[in-house]
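# Report on the structure
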Amino acid sequence: LQSIIIKEKSTKTKYYVGESLDLSGIKVIAVYDTGEEEIYEGEELNVENILYFRGKINQEEMDYICLDMEEKVKAFGCKKIGVPITVTYGVVDGIADVEINVPIDKAVDDFDNYRFKKNLIVKNALKFEYIGEIGQMPKASAVLNDYISQKKLNVITPSFNIVEIKQGETVEIKLTVYIGVGADI
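This structure is a prediction, so every number in the text was calculated from the model and none was measured. (Residues numbered from 1 in each chain as written. Predicted model: local features only at pLDDT ≥ 70, side-chain atom pairs only at ≥ 80, totals over all residues. Heavy atoms only, no water.)

### Some thoughts on the confidence of the model for the protein chain
Across the protein chain, the average pLDDT comes to 86, with 90% of residues at 70 or higher. Per-residue pLDDT, averaged within each element of the protein chain, yields its smallest value for strand β2 (residues 27-32) (63) and its largest for strand β5 (residues 95-103) (96). (pLDDT = per-residue confidence, 0-100. Helix = DSSP H or I, 4+ residues; strand = E, 2+ residues; numbered from the N terminus.)

Written as structure tokens, this is what we have:
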């Protein structure tokens, strides 16, 4: 960590004795040598109309399911809106317990292993953004973990990950992560 910059102060600056801290509006940037990272508090992830899959699968199955979900979206007469949002709940012996959420433009019926959910909402979330080389992603993810640890935040949801890849002379990645946090315990 090279530095932490408070980009915008919290909107609430006056408190009564015993009142809880409100970090709404605060914008924090962590500067590392791995790329550009920004961390925001009090954010919300709110996406409507999601086709999703949840299961324990290996990498080959994950690749297949992602392609199959795109085909199902077309077969349902829908359009994909944005990029998938993934959650990894755990990995044991190369088998990942994952959730793949594909935002679509309208409601659909459940089909085989794919389900429809009207909303995906994560409130009072940390929002972490990283733009840089794909090889630096593990270091960038450590930035978020360090931030949570230093701030002694109570994580109450898994991380919801949005990954966008740009191919050029080098492979650059934009990683956006939302993690719900609660009051200190």
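### Regarding the nonpolar core
By size, the foremost hydrophobic cluster in this structure holds 16 residues, and its most contacted members are Leu51, Phe53, Ile65, Met69, Ile100 and Ile104. Those elements that place two or more of their residues in this core are β3 (35-57), α1 (59-75) and β5. Apart from residues lying up to four places away in sequence, leucine 51 is in contact with Met69, Lys72, Val73, Phe76, Ile100, Asn101, Val102, Ile104, Val108, Tyr114 and Arg115. Ranked by size, the runner-up nonpolar core spans 15 residues in total, among them Leu126, Ala140, Leu144 and Ile173. (Core = buried A, V, L, I, M, F, W, Y, C linked by side-chain atoms within 4.5 Å. Buried < 20%, exposed > 50% of the residue type's maximum accessible area, 1.4 Å probe, protein only. Contact = heavy atoms within 4.5 Å.)

### Brief notes about the side chain of glutamate 43
By secondary structure assignment, the location of glutamate 43 is in strand β3. Among residues more than four places away in sequence, those in contact with glutamate 43 are Lys27, Val122, Lys123, Asn124, Ala125, Lys127 and Tyr178.

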